[in-house]
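# Tertiary structure, described
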Amino acid sequence: EFETEGKYRVLRVGNLFSNPKWYYSNLELEEDKYCDNGDLLYAWSMSYGPVIWNGERVIYHYHIWKTKLSKELTTQFAYYYLIALSNNIKAESHATTMGFVTMKTMNNSYVVFPSLDEQSAITTYLDTQCAKIDELVSEKQSFIDDLESYKKSLIYEVVTGKKRVVEPTMMTLSMFSSDILLYQKALVMLRGLDLLGPSGRGRIHLQKCMYTSECVL
């Protein structure tokens, strides 16, 4: 029973990903119906994937599973493993034919995991590298947002007569020349290599950076 205010927030799938609107409940339920800070959750409907809950105690919706991990698995390693598993499920279902994950699918999945020390080393590496990638994505998103703002401003100024439409000059054309785009691409690639560090300067990493640059520009 959802209410507009109450003792507990009710965690729904949308709250995990994009929806800021919360419902509440005053119900006192069995202990396993709550999730606490640090619990590994898995949303299995619509937007599906793992989330490590960061917050106070909440009641979680039935479209969310709370994991109960073996002592031989760390939460962070299981989180990354579930991300990989979810991506594989999406690829096999072509991302559009299935908007949920069934318990049967999960029960038919196998987890092969190393020792706790190796899990710790793996998650430390992934935490570091993913943070660097997120930083690069954030920088490029900021650039894209600026371009979108400029486009809106340009449209407004031209249609309202605040900006005259003139024949493109050589300077205007040079802004979008192939040489300038290649230069921008090189900057993006070098920034990516810088974030990945010395270990990321192999041929494969270089190709990935070049591909990312191609997609961004």
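Residues numbered from 1 in each chain as written. Predicted model: local features only at pLDDT ≥ 70, side-chain atom pairs only at ≥ 80, totals over all residues. Heavy atoms only, no water.

What follows covers the nonpolar core. L11, V13, L16, W22, C35, L41, A43, V51, W53, V58, Y60 and I64 together form the largest nonpolar core, which totals twelve residues. Within the residue set of this core, elements represented by two or more residues are α1 (13-17), β4 (40-43) and β6 (58-60). Sequence-distant contacts of W22, that is, excluding residues within four places in its chain, are made with R9, V10, L11, N15 and W53. Judged by nonpolar contacts, the second largest core, of eleven residues, contains L40, Y48, I89 and M106. (Core = buried A, V, L, I, M, F, W, Y, C linked by side-chain atoms within 4.5 Å. Buried < 20%, exposed > 50% of the residue type's maximum accessible area, 1.4 Å probe, protein only. Helix = DSSP H or I, 4+ residues; strand = E, 2+ residues; numbered from the N terminus. Contact = heavy atoms within 4.5 Å.)

Read across the sheet, four strands follow the order β2-β1-β6-β3 without closing on themselves; strand pairing throughout is mixed. If you trace the sheet from one side to the other, it starts and ends with β2 (23-25) and β3 (34-35), each paired once. Where strand β1 (residues 8-11) lies against β2, three bridges are found, and the strand directions are antiparallel. Across the sheet, residue V10 finds its bridge partner in β2, namely Y23. (Pairing = 2+ DSSP bridges.)

Turning our eyes to something else, we now look at helix α2 (residues 75-92). For α2, with 18 residues, the first-to-last C-alpha span of 26 Å sits near the 26 Å given by 1.5 Å per residue. All buried positions along α2 are accounted for by F77, A78, Y80, L82, L85, S86 and I89. As for α2, its buried residues are in contact with β4, β5 (49-52), α3 (103-107) and α4 (116-159). (Expected span 1.5 Å × (residues − 1).)

This part takes up the sheet that holds strand β7 (residues 64-66). One open sheet holds the three strands; their spatial order is β5-β4-β7, and the pairing between them is antiparallel. Of all strands in the sheet, those with a lone pairing partner are β5 and β7, marking the two edges. Neighbour-to-neighbour, the strand axes of the sheet open up by a mean angle of 30°, direction not taken into account. Here β4 pairs with β7 via three bridges, running antiparallel. Pairing of A43 across the sheet is with I64, part of β7. The sheet contacts of α2 involve β4 and β5, and relative to β5 the element is tilted by about 160°. (Axes fitted to C-alpha atoms, helices over the stretch in contact; angles between N-to-C directions.)

Looking now at the confidence of the model for the protein chain. Summary statistics for the protein chain give a mean pLDDT of 78 and a share of 72% for residues scoring 70 or more. Across the protein chain, β3 holds the top mean pLDDT of 94, while helix α5 (residues 170-175) sits lowest at 49. (pLDDT = per-residue confidence, 0-100.)

Quick look at the packing of α2 against α4 now. The angle between the axes and the distance between the axes are what describe a pair of packed helices. The geometry of α2 relative to α4 is characterised by a closest axis approach of 9 Å and an angle of 60° between their N-to-C directions. The angle between α2 and α4 falls in the class oblique. The two elements α2 and α4 meet at a crossing, and its hand is left-handed. Of the residues in α4, those in contact with Q76, F77 and Y80 of α2 are Q119, I122, T123, L126, D127 and C130. (Parallel < 35°, antiparallel > 145°, perpendicular 65-115°, else oblique. Left-handed = near helix turned anticlockwise from the far one by under 90°.)

We now examine the pattern of salt bridges. Under the defined criterion, the tally for this structure stands at six salt bridges. Two residues, K7 and E28, come together in a salt bridge whose shortest N-O distance is 3.0 Å. In this pair, K7 is assigned in the segment before β1 and E28 in the loop between β2 and β3, connecting sequence segments 21 residues apart. Residue K7 is classed as exposed on the basis of its relative accessible area of 55%. In this structure, a network of salt bridges that share partners links the residues E31, D36 and R57. (Salt bridge = Lys/Arg side-chain N within 4 Å of Asp/Glu carboxyl O.)

Moving on to the pairing of β1. Bridge count between β1 and β6: two bridges; the pairing is parallel. Across the sheet, the residue bridging to L11 is Y60, located in β6.

Judged by side-chain polarity, I155, V158, V159 and V165 come together as a nonpolar surface patch covering roughly 380 Å² of accessible area. Secondary-structure assignment places V159 in helix α4. (Patch = residues over 30% accessible without salt bridge, like charges linked within 9 Å, V, L, I, M, F, W, Y side chains within 5 Å. Areas by Shrake-Rupley, 256 points an atom, 1.4 Å probe, with all protein chains shown as cover.)

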